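# Chain and residue survey
The chain contents come next:
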Amino acid sequence: MQKYIKILILIGIILTLGIYSVFVEPNKLEITNYTIQDESLQGIKIVFASDFHIKPNQQKRLEKIVELINLQNPDLVLSAGDFVCGHLKHTTMPPEDIAKGLGKVKSKYGFYTTLGNHDLWHDTEEFTKNLEANNIKVLNNANKKIIVNGKTIYIAGIQYQPSMIQISNAIDNTQKPTIMLTHSPDEFKKIPQDYVNLILAGHTHGGQIRIPFIGPLFTASSYGDKYAKGFIEEDGKKMITTTGIGTSILPIRFNCPPEIVIIEFK
């Protein structure tokens, strides 16, 4: 009898974890705060939101994301792309609707992004036009000089899997302070440390499924879990890799909730 009770308990635990991983954690939206000491960017507040992967039935989810970003009253909103979900039209909210929804984001000094691999599977030129028509500036192997709270800074962006020439184009004519947007954290080692103050990356979703004491099952990074999530400082360079907002491949998250990142420079 005890054996059957143990089996039932085990089945109950598995079912509970399954329900949580599919229906609860993926629908969360947490805020992760970072404070970074950098006098050249002191006083600037950034919202970093990436890997949205908005599905066709997620209008309310999109509205919640926008609402939460706006509540932070950011100086800048930055993203590393992957607004859409999947290769096919029926797996994603139409890109023009995503752009229109995110066009309601309020930022004192603008919303800048690069594009991710999911975005590049669609009509990139048309999607870029839609984003920019909604005041979201796309930086693919390019940069923009802006003034934030009286400070002159550069925002640079590189597309997914860039060549060294494209990285060079992204930082052409920039000077510090510069914030670099890269969809994948795998570009971390390629970006010259003398040119950037902070690198912001996504793509990995933190692994989506992180087993306690083991780590993620899969990270979509050549470096495994090394650069998959959180704050990284190495060889004089700093990077934040976000776990992102949506899911891809499997609609599951476990021990790796969706997040919006807040960065404040002191």
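These remarks concern the structure in this document. (Residues numbered from 1 in each chain as written. Predicted model: local features only at pLDDT ≥ 70, side-chain atom pairs only at ≥ 80, totals over all residues. Heavy atoms only, no water.)

## A closer look at the overall build of the chain
In plain terms, the rule: Counting from the N terminus, the helices are DSSP H or I runs at least four residues long and the strands are E runs at least two residues long. Here the globule rule reads 2.2 Å times residues to the power 0.38, and the radius of gyration is calculated from C-alpha atoms. Only protein chains enter the accessibility calculation, which uses a 1.4 Å probe. A residue is then buried if its area is under 20% of the maximum for its type, exposed if over 50%, and partly exposed in between. Here a residue-residue contact requires only that any non-hydrogen atoms of the pair lie within 4.5 Å. Only the protein chains shown count as covering a residue, and every accessible area follows the Shrake-Rupley method with a 1.4 Å probe. Within this scheme the basic residues Lys and Arg register as positive and the acidic residues Asp and Glu register as negative, but His and the chain ends are omitted. A charge is said to be at NZ when it belongs to Lys, at CZ for Arg, at CG for Asp and at CD for Glu.
Scanning the chain from terminus to terminus reveals 6 helices and 14 strands. The C-alpha radius of gyration computed for the chain amounts to 19 Å, which stays within 12% of the reference 18 Å derived for 266 residues, consistent with globular compactness. Projecting the C-alpha coordinates of the chain onto the three principal axes gives extents of approximately 75 × 40 × 35 Å. Taking all 266 residues of the chain together, 53% fall into the buried category. If you take every contact in the chain between residues at least 6 apart in sequence, the share linking residues at least 24 apart comes to 72%. For the chain, the exposed surface amounts to about 12,800 Å²; the carbon and sulfur share of it is 54%. Taking the average location of the 28 positive side-chain charges in the chain and that of its 26 negative ones, the two points are 5 Å from each other.

## A word on the sheet that holds strand 6 (residues 142–148)
This is how it is decided: Pairing between strands requires that DSSP locate at least two bridges from one strand to the other. Axes, fitted as lines to C-alpha atoms, cover a helix only where it is in contact. Angles between the N-to-C directions of the axes lie from 0 to 180 degrees.
One open sheet accounts for 6 strands, arranged 6-7-8-9-13-12; its pairing is mixed. Looking at which strands have only one partner, the edges of the open sheet turn out to be strand 6 and strand 12 (230–234). For this sheet the average axis-to-axis angle between neighbouring strands, irrespective of direction, equals 20°. Of the strand pairs in this sheet, strand 12 and strand 13 (residues 237–241) are connected by 5 bridges, and their pairing is antiparallel. Each residue of the ladder has a partner; that of Phe231, found in strand 13, is Ile240.

## Describing the packing of aromatic side chains
Selection rule: Under the pairing criterion, centres of Phe, Tyr and Trp rings, with the six-membered ring standing for Trp, must be within 6.5 Å; the plane angle then separates stacked pairs below 30 degrees from edge-to-face pairs above 60, leaving the rest tilted. Distance and angle both matter: a charge sits over a ring if NZ of Lys or CZ of Arg is within 6 Å of the ring centre and within 35 degrees of the ring normal.
Applying the stated criterion across every chain, the model contains 5 aromatic pairs. Here the aromatic residues Phe52, Phe83 and Phe127 are joined through ring pairs into a cluster of three or more. Above the face of the Phe188 ring, Lys237 is positioned so that its terminal group lies 4.8 Å from the ring centre.

Interpretation note: all reported values are geometric properties and have no functional meaning in isolation.
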